[in-house]
Amino acid sequence: MSFPEPHHNHSKCTADLLSRAERTCERRGSKLTGQRRDILNCVAASHSAVGAYDIIERMAEFGPRPAPITVYRALDFLLAHGLVHKIESRNAFVACSHAHDGLPAALLICETCGLVAELDAPDAFAGLKIAAAAQGFAEHRTMVEMTGLCSACARAA
Ligand SMILES: [Zn+2]
Ligand SMILES: [Zn+2]
Ligand SMILES: [Zn+2]
């Protein structure tokens, strides 16, 4: 998945993600409660990273201010279901842009506009796994984050 075009129809992104969320939860026998859905909506409001406190502020704009623990629990749920990703280097979250069924995707973070895109790079992840295994290391989870400039910002620079 590449970086989103500046004037794309973002309501389609959000609608796709919410219907995927419904299907994923149904398949796994878990429940997308109203609060989890609201928090997913807040994260998915843009393709930029949001921190937990930004989410609380957004929630407070249209309803009661949620307790941080509530937001963290909902984020854990959404992370476990592959609906959002955590950007470890920024302690922030971004909505998943496409279904990749538990396979890792590299996160590309633009330093100028803050947009985050996901890059499917199965060969790169497989290569890392093989290299780690050669050291006797049993991999559980691999995260790859790249920072730089998206093509629009690189053109403007
Ligand atoms: Zn979008
Ligand atoms: Zn994703
Ligand atoms: Zn950019």
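Before reading on, note that the structure itself is shown above.
Residues numbered from 1 in each chain as written. Chains lettered and ligands numbered in written order. Predicted model: local features only at pLDDT ≥ 70, side-chain atom pairs only at ≥ 80, totals over all residues.

(A) Quick look at the overall build of the protein chain. Helix and strand counts for the protein chain stand at six helices and five strands. Scanning the protein chain from its N terminus toward the C terminus, one meets helices and strands in the order α-α-α-α-β-β-β-β-α-β-α. Taking 157 residues into account, the globule formula puts the C-alpha radius of gyration at 15 Å, and the protein chain, at 16 Å, falls close to it. If one aligns the C-alpha atoms of the protein chain with their principal axes, the spans along those axes are about 50 × 45 × 25 Å. Out of the 157 residues belonging to the protein chain, those deemed buried represent 22%. Considering only contacts within the protein chain whose residues lie at least 6 apart along the sequence, 55% involve residues at least 24 apart. (Helix = DSSP H or I, 4+ residues; strand = E, 2+ residues; numbered from the N terminus. Rg over C-alpha atoms; globule rule 2.2 N^0.38 Å. Buried ≥ 20, exposed ≤ 12 C-beta atoms within 10 Å, placed from the backbone. Contact = placed C-beta atoms within 7 Å.)

(B) Representation of helix α2 (residues 34–43) within the structure. Of all the positions in α2, only Arg36, Ile39, Leu40, Cys42 and Val43 are classed as buried. The buried residues of α2 all sit within an arc of 160° when viewed along its axis, so they share a single face. Close packing links the buried residues of α2 with α1 (10–28), α3 (52–62), α4 (68–80), β1 (84–87) and β2 (92–95). (Arc of directions from axis to C-beta.)

(C) How the structure looks around the pairing of strand β4 (residues 116–119). Here β4 shows a clear split, with Val116 and Glu118 buried on one side and none of Ala117 and Leu119 buried on the other. With four bridges joining them, strand β3 (residues 106–110) and β4 adopt antiparallel strand pairing. Within β4, the position partnered with leucine 108 by the bridge is alanine 117. A loop of five residues connects β3 with β4, the two strands running antiparallel in sequence, and glycine 114 in this loop sits at a positive phi of about 80°. (Pairing = 2+ DSSP bridges.)

(D) Region of the structure containing the packing of α3 against α4. Across the interface, α3 lies against α4 with an axial gap of 10 Å and an inter-helix angle of 110°. Viewed along their axes, α3 and α4 adopt a mutual orientation that is roughly perpendicular. Relative to α4, the crossing made by α3 is right-handed. Residues Ala52, Ile55 and Ile56 of α3 touch α4, and the partners they reach there are Pro68, Val71, Tyr72 and Leu75. Of the residues belonging to the contact of α3 with α4, the class tally is seven nonpolar, no polar and no charged. (Axes fitted to C-alpha atoms, helices over the stretch in contact; angles between N-to-C directions. Parallel < 35°, antiparallel > 145°, perpendicular 65-115°, else oblique. Left-handed = near helix turned anticlockwise from the far one by under 90°. Nonpolar A, V, L, I, M, F, W, Y, C, P; charged D, E, K, R; others polar.)

(E) Layout of the environment of threonine 142. Within the element layout of this structure, threonine 142 appears in the loop between α5 (122–134) and β5 (145–148). Looking at threonine 142, the number of C-beta atoms within 10 Å reads 12, which means it is exposed.

(F) Representation of unusual backbone geometry within the structure. Although it is not a glycine, asparagine 91 sits at a positive phi angle of roughly 50°. Considering the arrangement of structural elements, one finds asparagine 91 in the loop between β1 and β2. Here asparagine 91 falls in the exposed class, since 10 other C-beta atoms lie within 10 Å of it. Positive phi, close to 45°, is recorded for aspartate 101, a residue that is not glycine. Within the element layout of this structure, aspartate 101 appears in the loop between β2 and β3.

(G) Highlighting the pairing of β1. The pairing of β1 with β2 spans four bridges and is classified as antiparallel. Each residue of the ladder has a partner; that of lysine 86, found in β2, is phenylalanine 93.

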